[in-house]
Every structure is written in C-alpha cells, then in structure tokens.
Amino acid sequence: MGYALSILIGIPLAIALASSKLLSRTLYPLLVIVQSTPIVAVAPIIVVVMGAGDLPRVFITFLIAFFPIVVSCVTGLLATPEELVELSRSLGAPRSREYRNIRLPYAIPHLFSALRISITLAVIGAVVAEFVAAEKGLGYFINFSTSMFQVPQAFAALMMLVVISLVLFHLIGMLQKLLFPWSLPKGQPA
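About the cut-offs
Once a new chain begins, its residue numbering starts again from 1 and follows that chain's sequence as written. Where totals are concerned, whole chains, interfaces and linings use all residues; where local detail is concerned, this predicted model gives features only for residues with pLDDT of at least 70, and gives and counts side-chain atom pairs only at 80 or more. Heavy atoms throughout the structure, all of them, feed into the side-chain values; hydrogens and water do not. What counts as a salt bridge is simple: a side-chain nitrogen of Lys or Arg found within 4 Å of a carboxyl oxygen of Asp or Glu. Runs of H or I in DSSP of at least four residues are treated as helices and runs of E of at least two as strands, each being numbered from the N terminus. Summary of the burial criterion: residues with accessible area below 20% of their type's maximum are buried, those above 50% are exposed, and those between are partly exposed, where the area comes from a 1.4 Å probe applied to protein chains only. When two rings of Phe, Tyr or Trp (its six-membered ring) have centres within 6.5 Å they constitute a pair, described as stacked for plane angles under 30 degrees, edge-to-face for angles over 60, and tilted for the intermediate range. Here, over-ring charges are defined by two tests on the NZ atom of lysine or the CZ atom of arginine: distance to the ring centre within 6 Å, and angle to the ring normal within 35 degrees. Angles shown run from 0 to 180 degrees and are taken between the N-to-C directions of axes, each axis being a line fitted to C-alpha atoms and, for helices, limited to the stretch in contact. For this classification, under 35 degrees means roughly parallel, over 145 means roughly antiparallel, 65 to 115 means roughly perpendicular, and everything else is oblique. If you view the pair so one helix is near and one far, a crossing is left-handed when the near helix is turned anticlockwise from the far one by less than a right angle, and right-handed when it is turned clockwise. Each residue gets one of three labels, nonpolar for Ala, Val, Leu, Ile, Met, Phe, Trp, Tyr, Cys and Pro, charged for Asp, Glu, Lys and Arg, and polar for the others, Gly among them.

A full pass over the atoms with the stated rule returns 4 salt bridges. In this structure, Arg 95 engages Glu 98 in a salt bridge whose closest nitrogen and oxygen atoms are separated by 4.0 Å. You can see Arg 95 and its partner Glu 98 sitting in helix 6 (residues 95-132), 3 residues apart, about one turn around the helix. In this structure Glu 98 comes out as buried when scored by relative accessible area, which is 1%. Notably, a salt bridge pairs Glu 98 with Arg 103, separated by 2.8 Å at the nearest N-O pair. The pair formed by Glu 98 and Arg 103 is uniform in burial state, with each residue classed as buried.

Structural data, given as structure tokens:
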C-alpha cells in the first residue's frame, strides 16, 4: 500500500517539479532532507505519533520508496531532447500534450529503474516498521526469533524476505517488458 502511494504521489509530483523551476528549487531540498533522515531512527517516532496499527507501516514504506521514484522520474522528464520540446511548442501543442506524448515516454526507462529500486526499498521499509511496532509479519518474526535466540528461524525469515524482494524486482521488470518493450536497453535483463 505504501509502495502504491509512493507511485501515485511521486509521479505527479515529479511532473510538477519538472514543470516548475520555482517548485523544484523549493521542494527538492525538502525531499533530500526527508531522504537523508535515517528511517530506522524516525520509525519509532512515526509509530508513537500514528499509533501501532497499519498506518505507520504504510507511511514508513511510502517514505522509503518515494524519493527514488520522484528523482528518477524528474531526471527522465528533463532528459527529453530539447529539439522535440521546441518542435512541440512551435506546433502549438499544449503543455499537457508535451508531457503525455514526448516527455513521459522519454521518462519510462528512468521510471522503471526507480520502480525496481523502490520495490526492494519498500520491503525494507515494511520490515523496519514491523521491527518497531507489529504483532505479525516477517520483520516481527525475525525480531521475535532473535530475541529467543532462534537464529535458524530468523535466517529462514530473512531468506523469505530476499526471495520476496527478488520476485517483486523481477515482476517490475516483466511489467516493463510487457507494457513498454521499447524502453528496455539492449542487453538489460527483465
């Protein structure tokens, strides 16, 4: 859920940042500050403020996955060849069409790189949230197992987390290959 929120909020924010130099100069430093703050240090505070339910887990997952999506999407949007943008403007295309037909297609490879990176970070965020305050989940299980000195169980849960992260990483690659095969660089595994 936090990962989906990071996509739903991150992509429109990236479009806004790429569209406005003022907004970019204003918000980008704040995003860097949020990303630089260690999530492990902030997680207990988030749990105290939001309670011990699912909301802190969703929020922590969102925080950790959000930054790569925004930064990579902005990079892709701004990597569009200026000649195409100028041609679009000279033909009188509205800004919305410029983004939909020119800038967003150029941003697809950058966006999918970010989605791959952030899906693994989202798993980390969920586990950190479960370490801090949860009564179920693999993070909770690892925490409980190590507190009882049951190291083999903790390693088994850790291996499950690795498998989950790898499967999700490859699912994003398969989604890119299925929806946007032209966006994969030659030789890149899916």
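In this section: the packing of aromatic side chains. This structure, assessed with the given rule, holds 5 aromatic pairs. When the ring of Phe 180 is compared with that of Trp 182, the centres are 6.0 Å apart and the planes differ by 85°; the resulting orientation is edge-to-face. You can call Phe 180 partly exposed: its relative accessible area is 25%. Site record: aromatic cluster; members linked through ring pairs are Phe 59, Phe 62 and Phe 66. Across the ring face of Tyr 99, the terminal group of Arg 103 is positioned such that the distance to the ring centre comes to 5.4 Å.

Attention now goes to the packing of helix 4 (residues 54-78) against helix 6. As a packed pair, helix 4 and helix 6 sit with axes 7 Å apart at the nearest point and diverge in direction by 155°. Viewed along their axes, helix 4 and helix 6 adopt a mutual orientation that is roughly antiparallel. The way helix 4 lies across helix 6 gives a crossing that is right-handed. Classifying every residue of the contact of helix 4 with helix 6 by side-chain character gives 21 nonpolar, 7 polar and 3 charged.

Shape descriptors only; they carry no functional weight alone.
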